[in-house]
2 protein chains.
Amino acid sequence: MDTLKEKSLRLHRDKKGKFEIRSKVPLRNADDLALAYSPGVAEPCKVIHDTPEAIYTYTTKQNTVAVVTDGSAVLGLGNIGPKAALPVMEGKAVLFKEFAGIDAIPVCLDTQDVDEIVETCQRIAPTFGGINLEDIASPRCVEIEKRLISLLDIPVFHDDQHGTAIVTAAALLNACRLTERKMEDLKIVLAGTGAAGYAIAKLLSSIGIKSLYAFNKEGVVHPSRHSSYDAPLQELIEKRIVAEPPSAAIETLEELMQGTDVFIGVSVGDLIDADAVRGMNKDPIVFAMANPTPEIDPAAARDAGAKIVGTGRSDHPNQINNVLAFPGIFKGALSARTKTIDEDMKIAAARALAYIIPDEELRTDYIIPSPFDKRVVDRIATAVKECAAKHS
Amino acid sequence: MDTLKEKSLRLHRDKKGKFEIRSKVPLRNADDLALAYSPGVAEPCKVIHDTPEAIYTYTTKQNTVAVVTDGSAVLGLGNIGPKAALPVMEGKAVLFKEFAGIDAIPVCLDTQDVDEIVETCQRIAPTFGGINLEDIASPRCVEIEKRLISLLDIPVFHDDQHGTAIVTAAALLNACRLTERKMEDLKIVLAGTGAAGYAIAKLLSSIGIKSLYAFNKEGVVHPSRHSSYDAPLQELIEKRIVAEPPSAAIETLEELMQGTDVFIGVSVGDLIDADAVRGMNKDPIVFAMANPTPEIDPAAARDAGAKIVGTGRSDHPNQINNVLAFPGIFKGALSARTKTIDEDMKIAAARALAYIIPDEELRTDYIIPSPFDKRVVDRIATAVKECAAKHS
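Residues numbered from 1 in each chain as written. Chains lettered and ligands numbered in written order. Predicted model: local features only at pLDDT ≥ 70, side-chain atom pairs only at ≥ 80, totals over all residues. Heavy atoms only, no water.

A. The arrangement of the sheet that holds strand β3 (residues 103–108) of chain A in detail. Residue and element names in this part refer to chain A. Judged by pairing direction, the sheet is parallel, and its four strands sit side by side in the order β3-β2-β4-β5 without closing on themselves. Because the sheet does not close on itself, it has two edges, and the strands there are β3 and β5 (156–158). Sheet twist, expressed as the mean angle between neighbouring strand axes with direction ignored, is 25 degrees. In this structure, strand β2 (residues 64–69) lies alongside β3, joined through six bridges in parallel fashion. Bridge pairing in β3 links valine 68 to valine 107. Sitting on the sheet, helix α5 (residues 81–100) is in contact with β2, β3 and β4 (130–133), with an inclination near 170 degrees to β3. (Pairing = 2+ DSSP bridges. Helix = DSSP H or I, 4+ residues; strand = E, 2+ residues; numbered from the N terminus. Axes fitted to C-alpha atoms, helices over the stretch in contact; angles between N-to-C directions. Contact = heavy atoms within 4.5 Å.)

In structure tokens form, the structure reads like this:
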């Protein structure tokens, strides 16, 4: 039997990459050519020249998103560069089309400099209705996104941050609904303070989480102790989103998890063991989202008492998967022609995603819809559009 | 009845732009997702990371061209900027697909600075198998192309220069075949020394033209008189591609055309009148390619004695149209994976295009094949590939 590796390589080789361009207009004869190209094409050009907003009426900009990467943090592969990142960006492009009908175009940049990435995105922006930043290493991904949001008049969204955060928030909302807990009562440990961890902490804070302790490569984050925290983490500390652990003596992740309700891992595989879960409060929630190996084996977490377990993997229940968020987010943002995707829209998206599952259907192994649930994209898109309408 | 203007605006509006992305891989379920996206997609990424050339095996790079413009010289509309240029770039993209099966992606740049255009193309290059520069004003288009050719390991081709030059050369070759003249005996007047004029002069010189006189906005080009010539024209003068007019007293285009065999116009509409054609040698050849209004009305040129008349328009015989060249050129270059499109390939392309019409089928109103002639693209692609094979 062929392995996944063999199957994947053969698919990519045989199909010669994963997407193609298709014409939406006929080009059978000189008359067709005269409409779609010279001389007829001059007409929409002139209208757009007079009224720049008309670009959304007459061109693909209304439905096109650039999927931009510098190849610095690709999947679990790390800094493999722009060329090796292209298969992932093509994958993202076909997901955009399949799930949201959006035409997404991979743009793999031959630079990893913040200023150069920002200015390149600015320069290519006229063509696109939005920019999806992808697989750019933290902390620079946060700065790049912030600068582009303030510079551009099209929505810019770093999926590794906010896609993950929105789906995590939805899963946590539903875990609370199912176990009849309140968000504000939860004590949460977050392992990993990179792009995803930063956005998860911010979004959870926006939806009412009060106690969130953080752990990263340097160990337990003690906001009152100075450390070499990077800028995004520093922001979380300054805004008091990351809380002080109960005791300054706490040094290990296992100690930090003692007496908490939720573990959220966006870090590395096999980070925690069963004892760490056993030390948590009764019926804990464990989202072990490191890929491909979770922070703890899901079965081991359940055996140790975890009531609800989620991972990033498709072969376990409760897959907390970006693909649940970005298609609907961009569909809503493009449709409302919003210039940014703000915090309210992310909260609205998380709630819409969670409430696709009615109370009576929630189960410990079904707290998040499947990416193939046909309701997901439109519910999220509608929530984003309604939010945009309120703001305008 | 609807005008072309109404029809074109309606087409662009109703279709919401002219191209879309299509997935080439199935995405029906989690197994499909695991192959095309995470975790399977990691396999081609790893292979490309180890062997960068494998990007051509596993991704769309092998068949993808960026259509890059700064919107500074769009059709006959001039400097309308990147947004208003998008309909033309989309048109180019669908022509690439329709005629050559190539996936082309519009990239309209929000800068008209040479350095910035060059560095932006460098940075986005990993994604693309080639770059087609389009509708960039002269003389900077020449410098941009030269710099990119020397910087990048993918073919870069400014269609307004070389596409036009290749098709003009093919038309002139066939005009000579039909009227039994030799290229080296022809006296040619070239009106217009912008991007297209520069490339036409260079290519005609490469295929044996000895006497080419030039005329531009400043009047007759007198190589021995100093003037404010721009860099590309200066190069033609230094390489003696532009010849000295018979007399230094010649001041007007009509005087310059006296006693010449061929008029090639890539300038502005209604530049010459019937008397200018009457002053040319017997059975002159007139290619009046300004768009949409030719340098002289084709009927007037024929009435004044022109044996063969060509224009850039689809509603007249002998349409000298870029679309005859670029699809085959890029198809050949991508297929041979050549790093540049050199002068020999352009000559080979011009000859291949010309000789699609056998001697016995040549007529004064049929010296160049139709863009819808199915043989065109593959004949040119084969010629380019054979040329690449010789060089390697």
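B. Fine view of the packing of aromatic side chains. Residue and element names in this part refer to chain A. Evaluated as defined, the whole model comprises eight aromatic pairs over all chains. With centroids separated by 5.7 Å and ring planes inclined at 50 degrees, the aromatic side chains of phenylalanine 99 and phenylalanine 372 adopt a geometry described as tilted. Within this pair, whereas phenylalanine 99 is found in helix α5, its partner phenylalanine 372 is found in the loop between α15 (343–354) and α16 (375–391), the two being separated by 273 residues in sequence. Under the relative-accessibility criterion, phenylalanine 99 is labelled buried at 14%. (Phe/Tyr/Trp six-rings, centres within 6.5 Å; stacked < 30°, edge-to-face > 60°. Buried < 20%, exposed > 50% of the residue type's maximum accessible area, 1.4 Å probe, protein only.)

C. Here's a closer look at the environment of proline 369 of chain B. Residue and element names in this part refer to chain B. Within the fold, proline 369 resides in the loop between α15 (343–354) and α16 (375–391). Separated by 268 residues in sequence, proline 369 and glycine 101 place their C-alpha atoms 20 Å apart. Not counting residues up to four positions away in its chain, the partners in contact with proline 369 are Leu324, Leu353, Ile356, Ile357 and Val376.

D. Geometry of the nonpolar core. Within the largest apolar cluster, 252 residues are counted, with the highest numbers of intra-cluster contacts made by Leu172, Leu204 and Phe287 of chain A together with Leu172, Leu204 and Phe287 of chain B. With near-sequence residues (within four places) excluded, leucine 172 of chain A lies in contact with Met183, Leu186, Ile188, Leu204, Ile209, Val262, Ile285 and Phe287 of chain A. (Core = buried A, V, L, I, M, F, W, Y, C linked by side-chain atoms within 4.5 Å.)

E. Layout of the environment of glutamate 218 of chain A. All names here are of chain A. The topology assignment puts glutamate 218 in the loop between β7 (211–216) and β8 (219–220). For glutamate 218, a relative accessible area of 48% puts it in the partly exposed group. Measuring from C-alpha to C-alpha, the distance between glutamate 218 and serine 228 comes to 8.7 Å, with 10 residues separating the pair along the chain. Other than its neighbours up to four places away in sequence, glutamate 218 contacts Ser227, Ser228 and Tyr229. In terms of polar contacts, glutamate 218 uses its side chain to reach the side chain of serine 228, at 2.3 Å. (Polar contact = N/O pair within 3.5 Å; in protein donor to acceptor, adjacent residues only side chain to side chain.)

F. The arrangement of the pattern of salt bridges in detail. Residues and elements named next belong to chain A. For the structure shown, the criterion picks out 52 salt bridges over all chains. Among the ionic pairs, aspartate 359 bridges to arginine 177, the shortest N-O distance being 2.7 Å. With aspartate 359 in the loop between α15 and α16 and arginine 177 in helix α8 (residues 159–179), this residue pair connects regions lying 182 residues apart in the sequence. Residue aspartate 359 is classed as exposed on the basis of its relative accessible area, which comes to 55%. (Salt bridge = Lys/Arg side-chain N within 4 Å of Asp/Glu carboxyl O.)

G. Representation of the relation of the copies chain B and chain A. With an axial shift of 0.0 Å and an RMSD of 0.0 Å, the rotation relating chain B to chain A amounts to 180 degrees. Classification of the inter-copy transformation places it as that of a two-fold axis. Taking the C-alpha atom as reference, chain B places isoleucine 21 of chain B closest to the rotation axis, 2.4 Å from it. Of all interface residues in chain B, 100% are interface residues in chain A too; the two copies therefore contact each other through one and the same surface. (Least-squares fit on C-alpha atoms with pLDDT ≥ 70 in both.)

H. How the structure looks around the side chain of histidine 158 of chain A. Residues and elements named next belong to chain A. Relative to the helices and strands, histidine 158 is located in strand β5. A relative accessible area of 0% places histidine 158 in the buried class. A distance of 3.1 Å separates a polar atom in the side chain of histidine 158 from a polar atom in the side chain of aspartate 160. Residues in contact with histidine 158, not counting those within four places in the same chain, are Leu133, Glu134, Asp135, Ile136, Cys141, Glu145, Gly163 and Ala195.

I. Local environment of empty space enclosed by the protein. Residue and element names in this part refer to chain B. This model, assessed by the stated rule, comprises four cavities of 30 Å³ or more. Here the largest cavity is characterised by a volume of approximately 70 Å³. Contributing to the lining of the largest cavity are 13 residues, with Tyr56, Gly129, Pro155, Arg337 and Thr338 lying nearest its centre. Per-class residue counts for the lining of the largest cavity are five nonpolar, three polar and five charged. For the second largest cavity, the full set of lining residues is Gln161, His162, Tyr198, Ala199, Lys202, Leu203, Glu343 and Lys346. Residue contributions to the lining of the second largest cavity peak at four residues, all from helix α9 (residues 195–206). Looking at the lining of the second largest cavity, its residues break down into three nonpolar, two polar and three charged. (1 Å grid on protein atoms, 1.4 Å probe; cavity = no way out; pocket = protein on both sides within 12 Å on 5 of 7 lines; lining within 4 Å. Points joined across faces, edges and corners; volume = space filled by probe spheres on them. Nonpolar A, V, L, I, M, F, W, Y, C, P; charged D, E, K, R; others polar.)

J. Main features of helix α9 (residues 195–206) of chain A. Residues and elements named next belong to chain A. With 12 residues, α9 extends 17 Å between its outermost C-alpha atoms, agreeing within 8% with the 16 Å of an ideal straight helix rising 1.5 Å per residue. By the criterion of burial, α9 is predominantly enclosed, with nine of the 12 residues buried. Residues of α9 that are buried: Ala195, Ala196, Gly197, Tyr198, Ala199, Ile200, Ala201, Leu203 and Leu204. Glycine 208, located one to two residues past α9, shows a positive phi value of around 115 degrees. (Expected span 1.5 Å × (residues − 1).)

K. Layout of the interface of chain B and chain A. Contact residues are listed per partner, giving 86 residues for chain B and 86 residues for chain A. Taken over both partners, the interface formed by chain B and chain A buries close to 8700 Å², and the fraction arising from carbon and sulfur atoms is 70%. At the boundary of chain B with chain A, the tally comes to eight salt bridges. The salt bridge partner of lysine 83 of chain A is aspartate 153 of chain B, with a shortest N-O separation of 3.9 Å. Taken together, the connections running from chain B to chain A amount to 32 residue pairs in polar contact (both at pLDDT 80 or more). Listed by contribution, the elements that provide at least two residues to the side of chain B that touches chain A are α1 (4–15), β1 (19–23), α2 (30–36), α3 (42–50), α4 (55–58), α5 (81–100), β3 (103–108) and α6 (114–124) of chain B. Grouping the amino acids of the side of chain B that touches chain A by side-chain chemistry returns 43 nonpolar, 18 polar and 25 charged. With five bridges joining them, strand β1 (residues 19–23) of chain A and β1 of chain B adopt antiparallel strand pairing. Bridge pairing in β1 of chain B links arginine 22 of chain A to glutamate 20 of chain B. (Buried area = accessible area lost by both parts, 1.4 Å probe.)

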